Every structure is written in structure tokens, then in C-alpha cells.
Amino acid sequence: MLSVTDVRKYFPIKEGLFIKKEVGRVHAVDGVSLEVRAGETLGIVGESGCGKSTLARCITGLHHVTAGRIEFDGKDIATLDPKAFRRDVQMIFQDPYGSLNPRRRVGSIIADPLKIHRIEGDTRKRVQELMALVGLNPEHYNRFPAEFSGGQRQRIGIARALALNPRLVVCDEPVSALDVSIQAQVINLLTDLQDQLGLTYVFIAHDLSVVRYVSDRVAVMYLGQVVELAVGEDLYKTPRHPYTNALLSAASVADPDLSAKRERIVLMGDVPSPINPPTGCRFHPRCPKARERCVAEMPLLIDSGNGHLTACHFPVQPGEHLTSEHPQIQQQSTEPQL
Ligand code: SF4
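The notes below deal with the structure included here. (Residues numbered from 1 in each chain as written. Predicted model: local features only at pLDDT ≥ 70, side-chain atom pairs only at ≥ 80, totals over all residues. Heavy atoms only, no water.)

**Topic: the side chain of R153**
So, point 1. If you trace the backbone, R153 turns up in helix α5 (residues 150–162).
So, point 2. Put simply, R153 is tucked away with no salt bridge, and the nearest opposite charge, on D95, sits 7.1 Å away.
So, point 3. Among the polar contacts made by the side chain of R153, one reaches the main-chain carbonyl oxygen of F148 at a distance of 3.2 Å.
So, point 4. Contact partners of R153, with chain neighbours within four places excluded, come to P96, Y97, L100, P145, A146 and F148. (Helix = DSSP H or I, 4+ residues; strand = E, 2+ residues; numbered from the N terminus. Buried < 20%, exposed > 50% of the residue type's maximum accessible area, 1.4 Å probe, protein only. Lys, Arg positive; Asp, Glu negative; His and termini not counted. Salt bridge = Lys/Arg side-chain N within 4 Å of Asp/Glu carboxyl O. Polar contact = N/O pair within 3.5 Å; in protein donor to acceptor, adjacent residues only side chain to side chain. Contact = heavy atoms within 4.5 Å.)

Here it is as C-alpha cells:
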């Protein structure tokens, strides 16, 4: 359904009092290629600032890409009629508090897409159907967002995203602002809606356990690039990229005994600046397996079988014990050079 090929999104940094000059670029997304198949959920996971939300905005057409190509149903989205594209591809936003106008009534907020796209018919009836579909009381049509809890507000956002019967929904961290018990309710609602309406999801999160629960395949992003992509269970059982191993070692598990036995892989330092990313493998300043080759040569995303793609010169082998110790290699500066 969706094909992303070598997509790059750079944000210019400008300086100057009267004449603004470009003095650098934030490499938010830098050469991402992936596909989303009809009816599946592709999870995208990574730390804050890894570019996953920027990628989501590129996919939905909210950002123009700097380079690369995004195709929906085999057609470049840059050439599609924006209104027709918007009907098919919708987005659920991260913050259910900031993404709803507090001065407008819920019925009017959910009806927005219907009005903008001039959908004929009984708008109130359709909005109330959508409210019932997402588990809201249709009689609360005239209430304001402040009268709803966080979980209910996210349901309002979901109803608005579904108003035009989209085929692809990009969920940008839809539960990260919610309490854990409410997260479960919203995730169950999203999976039920997928079964009921035949939706395809791109599900973005920084919590690996949430992504594991909802995703058919998972892509791991680091500093604007996809470093590993595999079928969910395959990725969780045999993670091959050192970064994925570190993320999994920090993910919460329900079994307290298992959790106590697990050794946490602690990564060195902070995520480098996307303004001046490290040479070679971008993960090398923090990688416990880094060697000289990693500093000089960027690893390609290579299929090791069953569609398990990894971008690493020295992937983690099954049974290999990865420690937090970092080898002594030439470190790259993580300071932005403007
Ligand atoms: Fe680590 Fe090298 Fe693999 Fe990068 S290429 S993840 S630095 S081992």
C-alpha cells in the first residue's frame, strides 16, 4: 500500500539579523526505505529525536520531503490530489490535550473532515455513529474537550481520523500521554477497529512492549535511519542490531523474576546531534561492538533471511552475550558544528 524509498527530511538552520543564511541542517530523517502492506500494522520504534514523528508527517504529506519518494498505491504522493490523498491517509496525534481545540464542541471537531471534504448527508448522525464506534456516548455531542478524560479525548481524535473512512492511519505515539490502564483500552480499541474496518496502521511509539503488542512488523530507528526491520516476534526473539538489543534490555517485562535476572545494556553517552551526525555507522559512539570499520563505513540494511533486515557490520549472533562495555575506538564529536 505504501512504499517509502530513500526518504530524507532536513530542516535548515538559519542565522543572521537581516539576511538569513543557512548555516546547517538538522538531518531528521536520512535515507529511510520501507514498505507497508495492506491490512498490517508496521510499528516504528526509537528514542525521542530519532525522526519517527518526522517520518510520520512525511508519510501523511504534512511535511514535504527533501529527497526520496513516497508512493501510495503505486503513485507518488507529491503528484496526488491532496484532498483525495487526505481521505485515504489520516493521522492520530500524540497529544490528546493539544490536538483538540478546547473552545469547540466535540461534535463540531469530529465533523471537521466531513465539512472540509463537503461530504453530503446527515453530519450529526454520522458524527454520532463515529462517537459510538470509538466508545463515546453520542449524547455528549455538544460537550467541550475539557469535559472528557485523557483516554476519551484520544477517542475523539480517533473518531476524527476515521470520519473519512481512511485506508491507512498513521498513529503517532497515540498512547504515550495516557496512564497505563487507559493505554490498554485505547490500544484494544485500535486493534478492534482494524479488524472491523480493515485498516492499515503505521504505529509509532518509543515503548517496545506497546509496539510488540500491536505490530505485525517492527522497524527500529536511530538518528534518522532504520537500523533493523523484522517480523515482530523475530525481532524480539533474535534482535541482531546492538541498538535493538539495548532497547530490549531496557523494556519492561511482566514477569518480575525474569526482569530481575535480565542484564541491562547501558549505552554510553547521549544520542549524537542530528545536525552533525557521526561518520560511518551513526551508532558507533555508543555501540558496545564498535570497531574501526564502523567509524569509516556506513552499514547497509541487509536481509539476513525471512525479511529480517539489519544495518550492522557485526550483527549480534544468537546466544551472543552483549555487555555494556565500550571498546576504545576513535570517538566522533557529538557537538553540533554550526
Ligand atoms: Fe555497532 Fe558497528 Fe554494528 Fe554500528 S556497524 S551497530 S557500530 S557493530
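Now that the structure is up, let's keep going.
**Re unusual backbone geometry**
So, point 1. Notably, N165 is not glycine yet its phi reads approximately 55 degrees, a positive angle.
So, point 2. Relative to the elements of secondary structure, N165 occurs in the loop between α5 and β7 (168–172).
So, point 3. In this structure N165 comes out as exposed when scored by relative accessible area, which is 56%.

**Overview of the packing of α5 against helix α6 (residues 180–197)**
So, point 1. The contact between α5 and α6 brings their axes to 10 Å, and the two run at 20 degrees. Considered as vectors, α5 and α6 are oriented roughly parallel to each other. In this structure, α5 crosses over α6, and the sense of that crossing is right-handed. Of α6, the residues touching α5 (which contributes G151, Q154, R155, I158 and L162) are I182, Q185, V186, L189, L190, L193 and L197.
So, point 2. Considered class by class, the residues forming the contact of α5 with α6 number eight nonpolar, three polar and one charged. (Axes fitted to C-alpha atoms, helices over the stretch in contact; angles between N-to-C directions. Parallel < 35°, antiparallel > 145°, perpendicular 65-115°, else oblique. Left-handed = near helix turned anticlockwise from the far one by under 90°. Nonpolar A, V, L, I, M, F, W, Y, C, P; charged D, E, K, R; others polar.)

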